[in-house]
Structure formats: C-alpha cells, structure tokens
Amino acid sequence: GDERPVSPFVLRLRRSDRLRVSDEEGGDTAAGSETERLRPLVLDPQADLMPAAELCEVRAGGALAEVLRGVRPVFGDSAAARAALPELLGPGRSVPTGHRAILAPLRGRRRVIGAAVFVRGTERSPFEASDLLVAAQLATHTALGIDKAVLYGREAYIADELQRTMLPDSLPQPTGVRLASRYLPAAETARVGGDWYDAIPLPGSRVALVVGDVMGHSMTSAAIMGQLRTTAQTLAQLDLPPQEVLHHLDEQAQRLGSDRMATCLYAVYDPVAHRITIANAGHPPPVLLHLGGRAEVLRVPPGAPIGVGGVDFEAVELDAPAGATLLLYTDGLVESRLRDVWTGIEQLRERLAATAQLTGDDHSPPLEALCDDVLDMLGPGDRDDDIALLAARFDGIAPSDVAYWYLEPEDAAPRRARRLARRALSRWGLDDLADEVELLVSEVVTNAVRYAERPVTLRLLRTDILRCEVGDDSPQLPRQRRARETDEGGRGLFLVNRLARRWGATRLSTGKVVWFEMATRGQ
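Here is what the cut-offs are and how they apply
Residues numbered from 1 in each chain as written. Predicted model: local features only at pLDDT ≥ 70, side-chain atom pairs only at ≥ 80, totals over all residues. Heavy atoms only, no water. Helix = DSSP H or I, 4+ residues; strand = E, 2+ residues; numbered from the N terminus. Buried < 20%, exposed > 50% of the residue type's maximum accessible area, 1.4 Å probe, protein only. Contact = heavy atoms within 4.5 Å. Areas by Shrake-Rupley, 256 points an atom, 1.4 Å probe, with all protein chains shown as cover. Polar contact = N/O pair within 3.5 Å; in protein donor to acceptor, adjacent residues only side chain to side chain. Salt bridge = Lys/Arg side-chain N within 4 Å of Asp/Glu carboxyl O. Pairing = 2+ DSSP bridges. Axes fitted to C-alpha atoms, helices over the stretch in contact; angles between N-to-C directions. Core = buried A, V, L, I, M, F, W, Y, C linked by side-chain atoms within 4.5 Å. Parallel < 35°, antiparallel > 145°, perpendicular 65-115°, else oblique. Left-handed = near helix turned anticlockwise from the far one by under 90°. Nonpolar A, V, L, I, M, F, W, Y, C, P; charged D, E, K, R; others polar. pLDDT = per-residue confidence, 0-100.

Asks: How would you sum up the overall build of the protein chain? Please name residues and give values.
Replies: Looking only at helices and strands, one finds eleven helices and 20 strands in the protein chain. Residue burial in the protein chain is summarised as follows: out of 523 residues, 47% are buried. Contacts in the protein chain between residues far apart in sequence, at least 24 positions, make up 69% of those at least 6 positions apart. Per element, the accessible surface of the protein chain, about 26800 Å² overall, is 50% carbon and sulfur.

Here it is as structure tokens:
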C-alpha cells in the first residue's frame, strides 16, 4: 500500500461505527431532540441503524476525497463536510446540525487510512474552534496507532509464514524408523524465532535427524534458519559424518555474519546396525525413551554453537534399540521464565517415563500421542520461545531381513547378482517378485560394473517393502534417457523407472549408491 499509484485508483473505507446517527428530517417533531442523540447499538437492536462493516467507496476527485486530502479537521456544517458526509455515511444519513460534528482525516505515515467523525449531542454545548485542535490530535494518534498495528501484524505474519514455509510440509517415511514432529510459535506473535527440524533419508536406509535454533527473534532469524536448513540438507546428501556437517554449518554461519549463531543437533540413525551417531553444537541434549519405560538424557558432548568458529565438533555412537524413542527438541520446550533449562530437561524426562508407564513394559506409547503429551507439560508461562519437536521411533531392521554381497567388477557380476537375489527372495517367501527384481538388479549392477574399479556392493532389505541398493566407487550419477530404436543399450533405467515403486541415486564421498524399491504383497 506504500507504492505510488500509476493510474486512477479506488480507495475503500470500512465503517467500524457502532452508534446510531439521526435522520436530518425526523418524522415526529416532538421526538426530534431525542432522535438527534447517539445511542449505542445494543440498546435498540431493531432500530434502523447504520450497519457496521459496510464499505464506503472514496471516489477520486469526490468531496470526501478532497476532505481526506487535507490535513486538518473541519466542522460538520462546513461546505466541504456537508458535501463529504453523505458520501461517508451513506444516503439518508446525517449528523446533528451546527458545530456538533467534526470530520477529521486519519493520516498514517505515508497514506490516508480512514476518517473519524466526532459528534456531540444536543444536550451539550457545540464544539468550539479549540476542539478542532483536540480532534486533530486524537485523529493523528489514532491513525498512527492503527498504522503501527497494521505494520506490526503484517511483519509478524510475514515472519511467521516465512518460518513455517521453511519447515518440512511432511516428514519422510524411511525404512526402520517412524517419525513425528510438532512446531509451536511463541505465544507473543512478535517473537518469531529460527527454530527448525528436519528428517533427511540417506543411503543405506539410514536417516539424518536434525533440530536447530537460530539465536534471536526476528525475520532475520527466520531467514538465516532457512539458509542453514538448506545447507544441512545439501551436506547430508554428501553423506558426511555428523561432526563434519556441523563443521561446514559453522563455516556457513560465519560467512553470513559475525553475529549469526545457532545451536544444532545432527544425528544419523542406521536401522540395520541399530546404532545412532550424534554430534551437538550447543543444543539441549536428546532424551531416549526405552521400551521398558526408562527415559535417559543422552550424554552427548555439548560443543560450541554454530557461528563461533575455530572449534571442533565431536560425535558419539550409541545403541538405538528397537522400540526406543528418541526425542529432539529446542530450548523453548524446556526453558522459560519460570524454570531453567536443566530443570525443564529433567521434567521432560520424568514426563516421558510417566507416559511410557501407561502403555506397559512391552509396548511403546503411540508416537503422535507422545508428542501431544509432551507439549501438554507446558504451563501458561512456558511459551516464551518457539518450540520445535522431532520424535523418532526406532523399529530397526532384523539381520535376517538383510542380504549383503560384494561383487567383483567383471562381466560375470550381473549373472551372479541375479542368482543371489533370487535365492534371497526365495528365502523370504517373495518368489512372486523374483522375475522383476532379477531384471532390475541385473540392469543396475551392469551399469555399476561398467564404471567401477573396486568391488560393487549389493544389498537387499526386506521390511514392509523390498529395497535394493547397489554401490560403486564412481561418482557419476546415472541419468535416464530415451533410447532410439537402433540403440543396443540405454534402456536400463527406463525399465527401473517403469517397474520400481521408487528409485534414486545418491552421490557419496566414496562413490554413489543407486537404489530402487518394490512393493511386496499387500502393499
């Protein structure tokens, strides 16, 4: 609304009055003095009242536009006001005659935002010239207050929407782990922060779990959060160790500015090994809820916040038993004006343990309900900051559901891969998939052997789906292309794309992994 118009425009004002204005020519003379008074809307709901929320069109060059163009209020019986009031109030409406009405423009910082009509009943003395100054002051302060409120609300809305759009719309569904998340903005709308969370699928059926908090509360914090989240996603796709990811995030934060600091926790879960590797950059420690109901705060080296520079980050590898739940969160969940962060972490641990007791020792609490229950621990004074929450339920993949082989990069590798895949499928009772899986395994392994110099890896994973992964030491990612009728090759990835449920390729520091997934019976 601050741009200069380049063509004729229409300004619309919305009436927000709740008072009745008398007709200029009342029907009953005896009731004239009474009808000239302003009466609250609630006193006579059946009366013919000026409707609130009715749009008033301000025509360019009209009488009302001329009054609003001015900077000073005018009496209601002046020539300018008499011409403008019918346009403002609508046909058949008027204000008390004489110096009993003042029309004042409401001017914001750069524009007119409305009009105010001050009315005095007939039982009181008319307005005087000095009242115009009072009306001008009231109109000025009212307009500036409205203008500030509009700008404040707009900025807070933009910042909140900016932050929300930078958070994931939905979480992935990686093999061997279930995920749930929550995000709550601060109770004070203006305190938009830089909290974020993410779950990033990695090669080998692993998944990276990330939660972070940019220091400060502003649109700048939300923008920096978006840049760090994007950087973390890019680094994750390179399959770097967690401590290396934090190191590069630290460098990126320093490039953004000397005061751009954030806390971050980065973890990688491997469902096959049932292990999790965690690195921390000044973030509150995660809490692990075991299947039997025991909750523990994991001992992870705290590290320095991202953006400090010149520090090393340390990663620890811990057991991730099946049925356990890992909870990552930002400090808004555990820290407030009423409690320090370590008191809040202990209360969180106790709350998780108490919730797990309700479902017994052999069953984990439902993940979504667990997140809701964690947020229920927040009191009235516990919403000083944004809250990001990411929960991961470790299901894992049993060793009997994993088949892994090394294949020498030779012409016989595709034939051997087909034979090994068929044996594994037969052992798992998936013979109905054998023909299609053999074909796709043969195509992917053939591409890998063509460029590999070291042994090629082949891995099959059976969960609710069948996943095949082929790794080699060549960093060149395969690209699907349309083969001509005379071409002898070039149709391998076309077949993979048509027959597989999903497929993809990820570049690693040691080469790449090409994978595809097949639906099993009932999927």
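Let us keep going from here.
Asks: An account of the side chain of Thr263 is requested, with residue identities and associated values reported.
Replies: Mapping Thr263 onto the fold places it in strand β9 (residues 262-270). Of note is the side chain of Thr263, whose polar atom sits 2.9 Å from the side chain of His283. Those residues in contact with Thr263 that lie beyond four places of it in its chain are Trp196, Val211, Gly212, Asp213, Met215, Ala281, Gly282, His283 and Pro305.

Asks: I'd like to hear about the pattern of salt bridges, residue by residue, with values.
Replies: This model, assessed by the stated rule, comprises 18 salt bridges. Of the charged contacts, one joins Asp401 and Arg462 as a salt bridge, the two residues approaching to 2.4 Å between their closest N and O atoms. Separated by 61 residues along the polypeptide, Asp401 in the loop between β15 (387-394) and β16 (402-407) and Arg462 in strand β17 (residues 456-462) bring together distant segments of the chain. When salt bridges with common partners are traced through the structure, they connect Arg459, Arg467, Glu469, Arg502 and Glu517 into a single cluster.

Asks: Break down the sheet that holds β15 for me, with residues and values.
Replies: If you trace the five strands from one edge of the open sheet to the other, you get β6-β15-β14-β11-β12, paired in antiparallel fashion. At either margin of the open sheet sits one strand with a lone partner, and together these are β6 (177-184) and β12 (295-297). Ignoring which end each strand starts from, the neighbouring axes of this sheet average 20° apart. Pairing between strand β11 (residues 287-289) and β12: three bridges, direction antiparallel. Residue pairing for β12: Leu288 is matched across the bridge by Glu296. Where helix α7 (residues 341-357) meets the sheet, it contacts β11, β12 and β14 (325-329), and its direction lies at approximately 160° from that of β12. Relative to the sheet, helix α8 (residues 367-375) contacts β6, β11, β14 and β15, its axis offset from that of β6 by approximately 30°.

Asks: Which residues make up unusual backbone geometry, and what are the values?
Replies: We note that Asp239 has phi near 60°; this positive angle belongs to a residue other than glycine. Along the polypeptide, Asp239 turns up in the loop between α5 (219-237) and α6 (242-256). For His274, which is not glycine, the phi dihedral falls at a positive 55°. Topologically, His274 is positioned in the loop between β9 and β10 (275-281).

Asks: Provide a residue-level description of the side chain of Ser442, including the pertinent values.
Replies: Within the fold, Ser442 resides in helix α10 (residues 434-451). For Ser442, the residues in contact, after removing those within four places along its chain, are Pro414 and Arg418.

Asks: Any chance you could break down the nonpolar core for me, citing the residues and the numbers?
Replies: Counting 52 residues, the largest nonpolar core has Leu209, Leu246, Leu249 and Phe394 as its most contacted members. Take this core: its biggest share by element is seven residues, from β9. Discounting chain neighbours no more than four positions away, the residues touching Leu209 are Leu179, Asp198, Ala199, Leu265, Tyr266, Ala267, Leu326, Leu328, Leu390 and Ala392. Of all hydrophobic cores here, the second largest spans 32 residues; its members include Leu420, Ala424, Val441 and Leu466.

Asks: Describe in detail the packing of α7 against α8, supporting the description with residues and values.
Replies: Remark: α7 packs on α8, axes separated minimally by 10 Å, with the N-to-C direction vectors making an angle of 140°. The orientation of α7 with respect to α8, classified from their angle, is oblique. α7 and α8 meet at a crossing whose hand is right-handed. Judged by residue contacts, Leu348, Arg351, Leu352 and Thr355 of α7 engage Leu370, Asp373 and Val374 from α8. Split into classes, the residues belonging to the contact of α7 with α8 amount to four nonpolar, one polar and two charged.

Asks: Describe the confidence of the model for the protein chain, with residues and values.
Replies: The share of residues in the protein chain with pLDDT of 70 or more is 83%, and the mean pLDDT across the chain is 82. Taken as a whole, residues 17-53 scores under 50 in pLDDT and shows 47 contacts with residues more than four places along the chain or in a different chain.

Asks: Go over the sheet that holds strand β18 (residues 465-472) with me, naming the residues and quoting the values.
Replies: Pairing is antiparallel across the open sheet formed by five strands, whose spatial order is β16-β17-β18-β20-β19. Each edge of the open sheet is held by one strand with a lone partner, namely β16 and β19 (502-508). On average, each strand axis in the sheet is inclined to that of its neighbour by 15°, with strand direction left out of account. Here eight bridges tie β18 to strand β20 (residues 511-519), and the two strands are oriented antiparallel to one another. Paired with Glu469 across the strands is Trp515, a residue of β20. Contacts from α10 reach β16, β17, β18 and β20, with the element oriented near 170° to β20.

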